[in-house]
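# Reading the structure
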Amino acid sequence: MSMQQNIYGNTRKNSEGIQNVYENTEKISEDTQNITDIMDLELLSKLYPVHDAGYQAGHHDTCLPGTRESVLDGIMRWAGNPQDRHIFWLNGVAGTGKSTIAQTFSEIAAEAGTFGASFFCSRDYLDRKELKNIFPTLAYQLACRYPAFRGQVTRVLKRDPSVARNSLMYQFKDLIVNPLTSTNIPCVIVVDALDECADNEPASAILSVLGRYVKNLPSVKFFITGRPEPRIRSGFRLPLLEPITQIFLLHEVELSSVDEDIRLYLQEKLTAVAKRRSHLNISHPWPCDHDLTFLTKKSSGLFIFASTLARFIESEHHEPNERLQLIINPPDRTLHEGRAGIDPLYTQVLQLAFSGITEAAVFTNLRKVLGTVILAFNPLSRDQVAKLLDVSTPLIATTLRHLHSVLLVPDEDSKEIRVFHKSFPDFLQDYSRCPDPKFLIDTHSHHGDIALSCLELLKRLKPNPCDLPDYVMNRDVPNLPELLEDKVGGATRYACGYWAMHLRSSPTTGHYAVQLIASATELFNTNVIQWIEVMSLENRLESVVHSINNLFQWCGMVDLSTSNLHNIAEDYLRFTKNFFPLIQQSAPHIYHSALPLSPRSSTFHPVILWEKTPIAEFYGRPETWGPVVQTIQGDPSSFTCMTTLGHWIAVACTDAVVRIYDTVTGALRLSLRSIDPVKAMRGPSDGSTLFCAHQENLVTLWDIQTGGLIHSFTLMDEVQDIAVSLKGRYLACRLSNGFVKVWGVVGEVLVDVAIQPVSPGARLCWLEPEERLVIAGGTSAAIWNIVAGEILRSFTTVNTISGVLYSQELNRLAVTTEAPSGDTVVFIDPQTGTSSVLSGVQGKLSCFAFSRTSEELMCGTRGHGLKAFSFSTRRWRCLKPSDTTTFVSSLPNGTIAAASVRSGIQLLGLDDGHASPPELAPTRDVWILDQGRIIVIVPITRHHIELLETSSMSQLSAIPIQDTPTIPANIPTVLSASLENRVVVYCFKAGENVHLHLRKFGYTLPKWIVKINRLPSACGISPTGTRLVTFHNAERATRISVRDAKNGQLQAELLVNQAYSLPPDITFDSETRFYSLHGPYRVSYDLDFSSRADTTRPVIHHERQPWTAESSQRQRDVDSSHEWVVSGSERICWIPPGYIRSTQGGYCWAGSDTLVTVDEDGTLRMLTFRS
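Residues numbered from 1 in each chain as written. Predicted model: local features only at pLDDT ≥ 70, side-chain atom pairs only at ≥ 80, totals over all residues. Heavy atoms only, no water.

Looking at an unreviewed UniProt entry, one finds the chain named NACHT domain-containing protein and attributed to Thelephora terrestris.

Given below as structure tokens:
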């Protein structure tokens, strides 16, 4: 029995154990799933979704039960029919209820289980009017709704974490099309008020992308609402979209049907008012049938009218029946008699809100407040309006108290005031619609008022407004948006972002212009740096460039004869563009790096400096900004070709990606990914499309506004050159088989021209009229009419043609030819055939282009920089010295885009001046000795190296460069120098040996020379100059040698069984004690003269101890990207592009307070840092 009990007990324990294991397994599985969900959410956050853009945010009411039934039934039938068209466009004019229908349909579809995602656009909110936010937000919602979709999107995010920043085409393909195709999820996606998105393209960019890919989603439908604006209409008329779109014209629904819905809506709304205000003894039924019929007729089919009526009547501050009678029996029956629409109602709302008031000041204040609310480029709260107008918040609340029927005024002072419908601001700004001057908003004057208010707020900004620690990077500031709101404030943040947009719309004459000029001039003389700080922290630095350009537009229309505003603003524009990459990363580095590195002649440099800048002195500071306006980031070695497209520049790289940069700000705007690398690109002058010739027999056509692939041509032969006609109608390709083929932009072959034999280097160029094409190769060129297929004119040249270019303004061809004595440029009149030769090219041409107005011809040469020839003065001028310019083109604003082998892509200004010439000869190599007190430079052109005293940059000594038949240009290696002892130690290679030299400053011959086996890895001189220590690294050991500095005789040696990978830094504590640092160790050496009978030959004792950087003075260094000077984990100073010649050398860092750099042109600069 006992055994049975034991067995039973053990069995029970085992059973309980198994149950515990099962429960623990379930818990582990549950915990694992929770961790996976958390990780997925972290990944999905990289989509940067707009969380309040979905229908769940409830920005719009739903249709009242019984209203809009026929419209909603039609939409639901479309959504439920898989065979129906993919897209439904609910097209309606303002006020017809599109958003309400979209909200209702979304809720019905969600209940039915067919809803996928939604995005309700709004011009009132920055994040809800940005096209780039639509697809990532839709993808986020779909991922939250469908686990299978989430798995696909997280894989995309792991592969490309920045996918939300890609072009619309790649967003849609990677985040919507591919995941939905893989999961085959059937759903409806809703996009409301597409017309309210910021989109300057002729056809909606979103619709262009949809048309290209929606056919790949047979189970997905798109419900889109929008007004019939031109770009929306053009989008739905695109050939790919029109056949699959069902259009419903909401404003053309039979009026009787709409009237029935409006009547029902008004009845429901007003009956609810009567019930809510029952203590007022409102008669029943209320309103009566006659009144409802009157209100319905007055609405004229516009739901916005009906909703405004309802809000007007239900005002909590008035008796509902009195308000109703004011609509039905207005005091002035003839007011707006015969006028249809909502204008009479808006007039009545305003007049009743301010009835009995005659004080002009009240209406002046009303117009100021209303003008600020309706003209703001982003919604403002009561607090923000009060701050802008410099009045109290209660005054704003009082002013708007009776306007709740036309404005959404939240109870909280910090919530944004919103206009219920765009028709109200339109009404207030149109004198033909708002005849009462008490309410009419003069748009230009009120923009002027807001601009002045914004400028006043900007002038109150202080340096470092968020009290950030020194050297911090913007991305490392926790809770930055909340910090900005707390320290800067919403009104000032608005002013920083939009002052120039208001200024651009302000009056250009009269007292407004005078005040605005004075206020803007004061800002740029005092506080503009603080404004740039805020925009850096807002991650909106591009807005600084756009704002100053807006200022220039306005300045071009006003009298600035007594102001230096334009010149100061131009200086700050150069400042922002030159230091754009730096300021974008760190606002504090405006003071730490940008200001100290600015030219001496900049207007702000003597005025604005901060005591916290780490730079004490800057040897080699440029006098002027020079020709380089901005450098576009990128590795020049990866560029394969480039071209300009209007204000864009396209750069093809070895990774088969074409990157599109905005030449106004230098920012990357678009990336076009293809399978094969691109070897040639061209596009029309309007920048709308881009043709690419690939390494394989492929030509692709891209839509620049969306980043989408429009068409591809696969050819039988390799494409060697392409050219696009001036307006983009034709594409010409020169093939490896000797043929030139021409296509229309839709891919239809117009003509097949064969030129035999065709030179392998033949060039193509289009003329005006557009059907004329120049084909130039060998020593001849021909103008073809590609429609007629005939040669119109031909020319011959003396030498081989290497390039051809056409100027519309001059109606001239520029042809470059190669010759042994140097390249030449020949100008040819395409009509007469007359030609002239341009002299003074000098060297081999690598590229050439006409300036924007064709007043100059810009020529890039191999190794001799970029220069321009003026047709008016017949003279050359240098745009950029040295280097090899590989590409040059003129931009619409007159700026020159140039690319070179070493400097990459640079945007050059039109000024003749360069930065100040170097004070020393161009330098090839540089390093520093004696704890930063001595600089050693190797000039490019001289036959000796120079030792300079760091403090004065004066020469201490010169060492000749030995030039022998066996060892040409034998440049010495300088090992050590001592300013106190005025000696330098260096060595020359002599066959298999090395000669070690010691020389006194100022002497032409060395004091002694010693032959040694190998080049020392380090060297040090004792404080009194009596001893010299050298380190020699062997394969597995290090030899330390001590010599008598008077005669070079060896006194002692020590062999340490360890080879140090990096050269040690030798430092003497005394004449008999020195140490060296090796990574985490400090090795101390003592010279013991008492252990031997010969007291001139000491014994070397050594001891190794752990060492950390914190135990010594903090050292500064240059990071691996050669972009920052770092001290520990802090980035203390930015290094501008081009300051350091290469990653292999050309710069030297010594001690803890000096950085010396050598740039591409051999210019030496030295930064001395504060302790």
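Once the structure has been displayed, the description carries forward.
### A look at the packing of aromatic side chains
Tallied over the entire structure, the rule returns 33 aromatic pairs. Relative to Phe871, the ring of Phe869 has its centre 5.8 Å away and its plane inclined at 85°; by these criteria the two rings are edge-to-face. Judged by its relative accessible area of 3%, Phe869 falls in the buried class. Owing to a relative accessible area of 21%, Phe871 belongs among the partly exposed residues under this scheme. Relative to Trp876, the ring of Phe869 has its centre 5.3 Å away and its plane inclined at 55°; by these criteria the two rings are tilted. Of the residues examined, Trp876 reaches a relative accessible area of 24% and is grouped as partly exposed. One residue, Lys438, lies across the ring of Phe363, its end atom 5.5 Å from the ring centre. (Phe/Tyr/Trp six-rings, centres within 6.5 Å; stacked < 30°, edge-to-face > 60°. Buried < 20%, exposed > 50% of the residue type's maximum accessible area, 1.4 Å probe, protein only. Lys NZ or Arg CZ within 6 Å of the ring centre and 35° of its normal.)

### A word on the sheet that holds strand S11 (residues 648–653)
Two orientations exist for strands paired in a sheet by backbone hydrogen bonds: parallel and antiparallel. Spatial ordering of the open sheet is given by S10-S11-S12-S13, a layout of four strands whose pairing is antiparallel. In this open sheet, the two strands that pair with only one neighbour each are strand S10 (639–645) and strand S13 (668–673). Across the sheet, the mean angle separating the axes of adjacent strands is 20° when strand polarity is ignored. As judged from the five bridges shared by strand S12 (residues 657–662) and S13, these two strands associate in the antiparallel manner. Bridging across to S13, Tyr661 finds its partner in Leu668. (Pairing = 2+ DSSP bridges. Helix = DSSP H or I, 4+ residues; strand = E, 2+ residues; numbered from the N terminus. Axes fitted to C-alpha atoms, helices over the stretch in contact; angles between N-to-C directions.)

### Focus on the pattern of salt bridges
Under the criterion given, the structure shown has 30 salt bridges. Note that Glu718 and Lys679 form a salt bridge whose closest N and O atoms lie 2.6 Å from each other. Placement of the pair is Glu718 in the loop between strand S17 (708–714) and strand S18 (719–724) and Lys679 in strand S14 (residues 678–682), with a sequence separation of 39 residues. A relative accessible area of 24% places Lys679 in the partly exposed class. Ionic pairing is found between Arg1073 and Asp1086, a salt bridge with its closest N-O pair at 2.7 Å. In this pair, Arg1073 sits in strand S50 (residues 1073–1078) while Asp1086 sits in strand S51 (residues 1081–1088), placing the two residues 13 residues apart along the sequence. Through salt bridges with shared partners, a single network forms among Asp1069, Arg1073, Arg1082 and Asp1086. (Salt bridge = Lys/Arg side-chain N within 4 Å of Asp/Glu carboxyl O.)

### Observations regarding the confidence of the model for the chain
Detailed reading of the predicted coordinates is not advisable wherever pLDDT is low. Taken over all residues, the pLDDT of the chain has a mean of 83, while the share at 70 or more is 88%. In this model residues 1110–1114 is a low-confidence stretch, pLDDT under 50, and it forms six contacts with partners more than four residues away in sequence or in other chains. (pLDDT = per-residue confidence, 0-100. Contact = heavy atoms within 4.5 Å.)

### Topic: the nonpolar core
Counting residues in hydrophobic clusters, the biggest one holds 139 residues, and the most contacted among them are Leu403, Phe524 and Phe575. By residue number, the principal contributor to this core is helix H20 (residues 490–504), which donates eight residues. Of all hydrophobic cores here, the second largest spans 68 residues; its members include Leu43, Val50, Ala205 and Leu670. (Core = buried A, V, L, I, M, F, W, Y, C linked by side-chain atoms within 4.5 Å.)

### Describing helix H4 (residues 134–145)
Across its 12 residues, H4 extends 17 Å between first and last C-alpha, which sits within 8% of the 16 Å expected from 1.5 Å per residue. Burial within H4 is extensive, with 10 of its 12 residues counted as buried. Buried within H4 are the following residues: Ile134, Phe135, Pro136, Thr137, Leu138, Ala139, Tyr140, Gln141, Leu142 and Ala143. (Expected span 1.5 Å × (residues − 1).)

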